[in-house]
Structures are given as C-alpha cells and as structure tokens.
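Letter by letter, the chains look like this.
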Amino acid sequence: MTPPPRPPAEDDGTEFAEWYRREFPDLLLFAHRLGARWHEAFDLAQEACAKAFPRWPEIGKPRAYVRVAIRNAYFKKGQGVRESELGEAGTDTVSPGDQELLRVEFQDQERAIFAAIRHLPPVQREIMAWTIDGYTPAEIAELLDKSPPAVRVNLFKARATLRIALAGMGGEDG
C-alpha cells in the first residue's frame, strides 16, 4: 500500500486543506455535470485532489488545474463517450451518507436541469460544466486546448438544446 502524499517540507498542508473543504462540493458537481455518477464523481474529485496535493505550491490556478485533472481522468476512463450507460439521469440517486457529504439538496427543477445537461453530447456537456463553474469561452478554450470559436459554437448549441429541453419548466416566456 502506498503511503498518503505528504506536503512539501515548508507547507503544513493548511492552505490545501482549507481549499479542499471549500472547493470539494463544487468539484463533485463539476464531475457530475461531465456525466459521472455520484460515486464516480467522488472518486474522480478525490483522485484529482490527491494528485494535486504534493504539487500544491507550484499550481498557479488550482480551480482550473484540478478540474482539468478531473476532466482528463473522466474521459481517459471512457466514461464521457458511453452515452448509453447514462440511462435516465434522474435515477442516479445519492445514498443518505453521500447526501450528507455533499450537503446539496436538489429541488425538482435542479434535478431536471442536471438531467438535461447529462443528455447533451459529451463535448457540449463538458463546455456547459466549465461554463456553469464560471469559466469564459476563452478560458475554456485555453484550458482544453481548443479554439475559442469551437467552444462558443458548442456552448451555443448546448444552450439551445437546454432551452428546448427545459422549456416546459415554468420560467418566464420571452
């Protein structure tokens, strides 16, 4: 068994621990938006954080770094391309213990939005996950080594698809 990673000698790990407590729920949501089931999202986020911890002092943009690690691990495992395995997104339940860990309660509307996002094609789903986490198309393009126009086109298509899928949810007409 491999020993857990240790912080560099000059760091007691406090900064990372604070960041981890603050960001972990959002990392889970990011992985889930990519298409991972909750238990997979937890594993992806944990693995990405474990890999980031020993390199913490050298990581300039930890939010982006860990999300890229989650994204790469998710697609490397081939999870992002097996649309048929997603099934009915609303059936991806969270156990009571996981629910406490996540500290997230979804309302019906939020569940419908997650379900609609999970049914997007993988590239559009990924662009939406980054966008929801506050990244601009230019930032997404840089992080994913894609062209900004390609990111904008996929974001446009994803939004259009989501608008149609969520049209009956009772928002304002306009």
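Residues numbered from 1 in each chain as written. Predicted model: local features only at pLDDT ≥ 70, side-chain atom pairs only at ≥ 80, totals over all residues. Heavy atoms only, no water.

Caption draft 1: Summary view of the overall build of the protein chain. Counting its regular elements, the protein chain contains eight helices and zero strands. Counted from the first residue to the last, the protein chain has its helices and strands arranged as α-α-α-α-α-α-α-α. Here the protein chain holds 174 residues, and 40% of them are scored as buried. Taking contacts inside the protein chain between residues at least 6 apart in sequence as the whole, the part at least 24 apart equals 74%. (Helix = DSSP H or I, 4+ residues; strand = E, 2+ residues; numbered from the N terminus. Buried < 20%, exposed > 50% of the residue type's maximum accessible area, 1.4 Å probe, protein only. Contact = heavy atoms within 4.5 Å.)

Caption draft 2: Representation of the packing of helix 1 (residues 14-34) against helix 2 (residues 38-52). Two elements in contact, helix 1 and helix 2, have axes separated by 9 Å at closest approach and are oriented at 140 degrees. One way to sum up the angle between helix 1 and helix 2 is to call them oblique. Once helix 1 is placed against helix 2, the crossing between them reads as right-handed. Contacts between helix 1 and helix 2 involve Phe16, Trp19, Tyr20, Phe24, Leu27, Leu28, Leu29, Ala31 and His32 on the former and, on the latter, Trp38, Ala41, Phe42, Leu44, Ala45, Gln46 and Cys49. (Axes fitted to C-alpha atoms, helices over the stretch in contact; angles between N-to-C directions. Parallel < 35°, antiparallel > 145°, perpendicular 65-115°, else oblique. Left-handed = near helix turned anticlockwise from the far one by under 90°.)

Caption draft 3: Representation of the side chain of Asn154. Along the chain, Asn154 turns up in helix 8 (residues 148-165). Judged by its relative accessible area of 19%, Asn154 is buried. Residues contacting Asn154, with those up to four places away along its chain left out, are Val123, Gln124 and Ile127.

Caption draft 4: Highlighting the packing of helix 1 against helix 6 (residues 122-132). Between helix 1 and helix 6, whose axes approach to 8 Å, the crossing angle comes to 160 degrees. In this view, helix 1 runs roughly antiparallel relative to helix 6, as classed from their interaxial angle. For the element pair helix 1 and helix 6, the recorded crossing hand is right-handed. In contact with Phe30, Arg33 and Leu34 of helix 1, helix 6 contributes Arg125, Glu126, Ala129, Trp130 and Ile132. Here the residues of the contact of helix 1 with helix 6 sort into five nonpolar, no polar and three charged. (Nonpolar A, V, L, I, M, F, W, Y, C, P; charged D, E, K, R; others polar.)

Caption draft 5: Geometry of the nonpolar core. Grouped together as the largest cluster of nonpolar side chains are 41 residues, with contacts concentrated most on Trp19, Leu27, Cys49, Val66, Ile70, Trp130 and Ile140. Only helix 1, helix 2, helix 3 (62-76), helix 5 (108-118), helix 6, helix 7 (137-144) and helix 8 provide two or more residues apiece to this core. Ranked by residues supplied to this core, first place goes to helix 1 with nine residues. For Ile70, the contacting residues outside a window of four places in its chain are Leu27, Phe30, Ala31, Leu34, Leu44, Ala45 and Ala48. (Core = buried A, V, L, I, M, F, W, Y, C linked by side-chain atoms within 4.5 Å.)

Caption draft 6: Structural detail: the packing of aromatic side chains. What the rule picks out here adds up to eleven aromatic pairs. Measuring from ring centre to ring centre gives 6.1 Å for Phe16 and Trp19, while their planes differ by 35 degrees; the resulting arrangement is tilted. Taken together, the residues span about one helical turn, with Phe16 and Trp19 both in helix 1 at a distance of three residues. A single burial state applies to Phe16 and to Trp19, both of which are buried. Considering the side-chain rings of Trp19 and Trp56, the 5.1 Å spacing of their centres and the 50 degrees angle between planes classify their relative orientation as tilted. Linking Trp19 in helix 1 with Trp56 in the loop between helix 2 and helix 3, this pair joins segments that are 37 residues apart in sequence. Given the relative accessible area of 5%, Trp19 is considered buried. The exposure class of Trp56 is buried, given its relative accessible area of 6%. Joined through ring pairs, the aromatic side chains of Phe16, Trp19, Tyr20, Phe24, Phe42, Phe53 and Trp56 make up one cluster. (Phe/Tyr/Trp six-rings, centres within 6.5 Å; stacked < 30°, edge-to-face > 60°.)

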